[in-house]
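Topology and contacts: notes
Here are the chains, one letter per residue:
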Amino acid sequence: MHIAWTSFLLALVVITVVPGPDFVLITGNAVRGVRPGAVTALGVVTGLLVHAALATVGLSALVAAAPAALLAVKAVGALYLAYLGVMTLRAARAGGPIARAPKSDRSLFLRGLLCDLLNPKVMLTFLSLVPQAMDPTAPPLPQAALLSAVAVGVFACFWAVVVPLAGRLSALLSRPRVRPVFERLCGAALIGMAASVLAA
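Residue positions are counted from 1 within each chain, in the order its sequence is given. pLDDT decides what is reported in this predicted model: residues at 70 or higher carry local features, side-chain atom pairs at 80 or more are listed and counted, and totals for whole chains, interfaces and linings draw on all residues regardless. Think of the side-chain values as coming from all heavy atoms in the structure, minus any hydrogens and water.

**A short note on the nonpolar core**
What we call a nonpolar core is a set of buried Ala, Val, Leu, Ile, Met, Phe, Trp, Tyr and Cys residues that are connected through their side-chain atoms within 4.5 Å. Throughout, exposure labels follow a simple rule: accessible area from a 1.4 Å probe, protein chains only, divided by the maximum for the residue type, with under 20% read as buried, over 50% as exposed, and the rest as partly exposed. Counting 41 residues, the largest nonpolar core has Phe8, Leu48, Leu81, Phe126, Val130, Leu147 and Trp159 as its most contacted members. Strands here mean DSSP runs of E at least two residues long; helices mean DSSP runs of H or I at least four residues long; both are numbered from the N terminus. Listing elements by their share of this core, those giving two or more residues are helix 1 (5-17), helix 2 (21-30), helix 3 (34-57), helix 5 (67-94), helix 8 (120-133), helix 9 (140-168) and helix 11 (179-199). The element that contributes the greatest number of residues to this core is helix 9, accounting for 10 residues. Residue contacts follow a heavy-atom distance rule, with two residues in contact if any of their heavy atoms lie within 4.5 Å. In this structure Leu81 touches Pro21, Cys115, Leu190, Met193, Ala194 and Val197, once residues within four positions along its chain are discounted.

What follows is the structure, given as structure tokens:
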């Protein structure tokens, strides 16, 4: 079995480090503390595992092949990203008490999970990247499972680095003049990404 590991890993690293909705959400929570960031990242990684499983068994391919289903996924995903963006902007506008209010682990996990599950770009990444690296002469299912697992592992390692680094910025970003600006940037980024999901 000759898997194209070099091109697969290079493409995967590029996709991983390019900021997206998951990155904005995780870092936005990580600056509140390592635990909120880690719980959010755990939700995102769980979403990745679901995408990986669906892509491996071919269900995501069916959704991508059905224009109406893919449009529905895009619409729901865009609405959820826009909702997160609006809530972040409201927190920035409200200032102190609401902006610093802690969220439960359950809420943080679910936000991370839904942010990833409702992002059609993640689904399409698995569907476009994994098949290109597979050996056409070997059984497809084991290869798809292995490549998908590696992709999830790379993302998980990336978040394991990002969360502590973002946590170290918490002292700076908790300053009254800095925190609202950061939250506005995160909120605007999420709304912008919602628009890009619909336009894609």
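**Comments concerning the confidence of the model for the protein**
Taken over all residues, the pLDDT of the protein has a mean of 84, while the share at 70 or more is 92%. pLDDT is a per-residue confidence score from the predictor, ranging from 0 to 100. Between residues 96-101, whose pLDDT stays under 50, and residues either more than four places distant or in other chains, the model counts seven contacts.

**Focus on the pattern of salt bridges**
Think of it this way: side chains of opposite charge can pair up when their charged atoms draw near. Salt bridges are defined as contacts in which a side-chain nitrogen from Lys or Arg sits within 4 Å of a carboxyl oxygen from Asp or Glu. Scanning the model with the defined rule gives one salt bridge in all. One salt bridge connects Arg35 with Asp105, and the closest N-O pair in it is separated by 2.4 Å. Within this pair, whereas Arg35 is found in helix 3, its partner Asp105 is found in helix 7 (residues 105-117), the two being separated by 70 residues in sequence. Residue class for Asp105 comes out partly exposed when judged on its relative accessible area of 31%.

**Focus: helix 2**
Taking burial as the measure, the 10 residues of helix 2 include nine buried ones, the bulk of the element. For helix 2, every residue scored as buried is listed here: Pro21, Asp22, Val24, Leu25, Ile26, Thr27, Gly28, Asn29 and Ala30.

**Side note on the UniProt feature "transmembrane region" (unreviewed entry) in the protein**
UniProt positions are given in the numbering used here, feature names are shortened, and annotations may be inferred rather than shown by experiment. In this numbering, the UniProt entry assigns the feature "transmembrane region" (unreviewed entry) to residues 6-26, 38-62, 68-87, 108-130, 145-169 and 181-199. Overall, residues 6-26 shows 86% helix and 0% strand. The separation of its end C-alpha atoms is 28 Å. A helix fraction of 96% and a strand fraction of 0% characterise residues 145-169, whose end C-alpha atoms lie 37 Å from each other.

**Some remarks on the environment of Phe109**
Here Phe109 is to be found in helix 7. Sequence separation between Phe109 and Phe155 is 46 residues; the distance between their C-alpha atoms is 16 Å. The residues touching Phe109, leaving out its near neighbours within four places in the chain, are Val39, Leu42, Gly43 and Thr46.

**Comments concerning the packing of aromatic side chains**
For any pair of aromatic rings, the description consists of the separation of the ring centres together with the inter-plane angle of the planes. When two rings of Phe, Tyr or Trp (its six-membered ring) have centres within 6.5 Å they constitute a pair, described as stacked for plane angles under 30 degrees, edge-to-face for angles over 60, and tilted for the intermediate range. Evaluated as defined, the whole model comprises five aromatic pairs. Geometrically, the ring pair formed by Trp5 and Phe8 is edge-to-face, given 6.1 Å between the ring centres and 80° between the ring planes. A residue pair is termed a helical-turn pair when its members lie 3 or 4 positions apart in one helix, as Trp5 and Phe8 do in helix 1 at three residues. What makes Trp5 partly exposed here is its relative accessible area of 31%. Ring pairs connect the aromatic residues Phe23, Phe158 and Trp159, which therefore count as one cluster.

**Looking at a nonpolar patch on the surface**
A cluster of nonpolar side chains, namely Val50, Leu54, Val57, Leu59 and Leu62, defines an oily patch on the protein surface of about 430 Å² accessible area. Among the secondary structure elements, those contributing two or more residues to the nonpolar patch are helix 3 and helix 4 (59-65). Note on placement: Leu59 falls in helix 4. Like-charged residues within 9 Å of one another, or nonpolar side chains (Val, Leu, Ile, Met, Phe, Trp, Tyr) within 5 Å, are grouped into patches, provided each residue has over 30% relative accessible area and no salt bridge. Exposure was quantified through the Shrake-Rupley algorithm and a 1.4 Å probe, taking into account, for residues, occlusion by the shown protein chains and nothing else.

**Looking at the packing of helix 1 against helix 8**
Every axis in this analysis is a line fitted to C-alpha atoms, fitted for helices over the stretch in contact. Angles between the N-to-C directions lie between 0 and 180 degrees. One can describe the packing of helix 1 onto helix 8 by two numbers: an axis separation of 10 Å at closest approach and a directional angle of 160°. Comparing their axes, helix 8 and helix 1 come out roughly antiparallel. With respect to the hand of their crossing, helix 1 and helix 8 are arranged in right-handed fashion. For the pair formed by helix 1 and helix 8, the contact residues are Phe8, Ala11, Leu12 and Ile15 on the first element and Thr125, Leu129, Val130 and Ala133 on the second. Three categories are distinguished: nonpolar for Ala, Val, Leu, Ile, Met, Phe, Trp, Tyr, Cys and Pro, charged for Asp, Glu, Lys and Arg, and polar for the others, with Gly belonging to the last. Looking at the contact of helix 1 with helix 8 residue by residue, the classes come out as seven nonpolar, one polar and no charged. Under this scheme an angle from 65 to 115 degrees is roughly perpendicular, one under 35 degrees roughly parallel, and one over 145 degrees roughly antiparallel; angles in between are oblique. What makes a crossing left-handed is the near helix being turned counterclockwise from the far one by less than a right angle; a clockwise turn instead makes it right-handed.

**With respect to the packing of helix 3 against helix 7**
With their axes 7 Å apart at the nearest point, helix 3 and helix 7 run at an angle of 40° to one another. Regarding the angle of helix 3 to helix 7, the classification is oblique. Crossing handedness for the pair helix 3 and helix 7: right-handed. Of the residues in helix 7, those touching helix 3 at Arg35, Pro36, Val39, Thr40, Leu42, Gly43, Val44, Thr46, Gly47, Leu48, Val50 and His51 are Asp105, Leu108, Phe109, Gly112, Leu113, Asp116 and Leu117. The residue makeup of the contact of helix 3 with helix 7, split by class, is 10 nonpolar, six polar and three charged.

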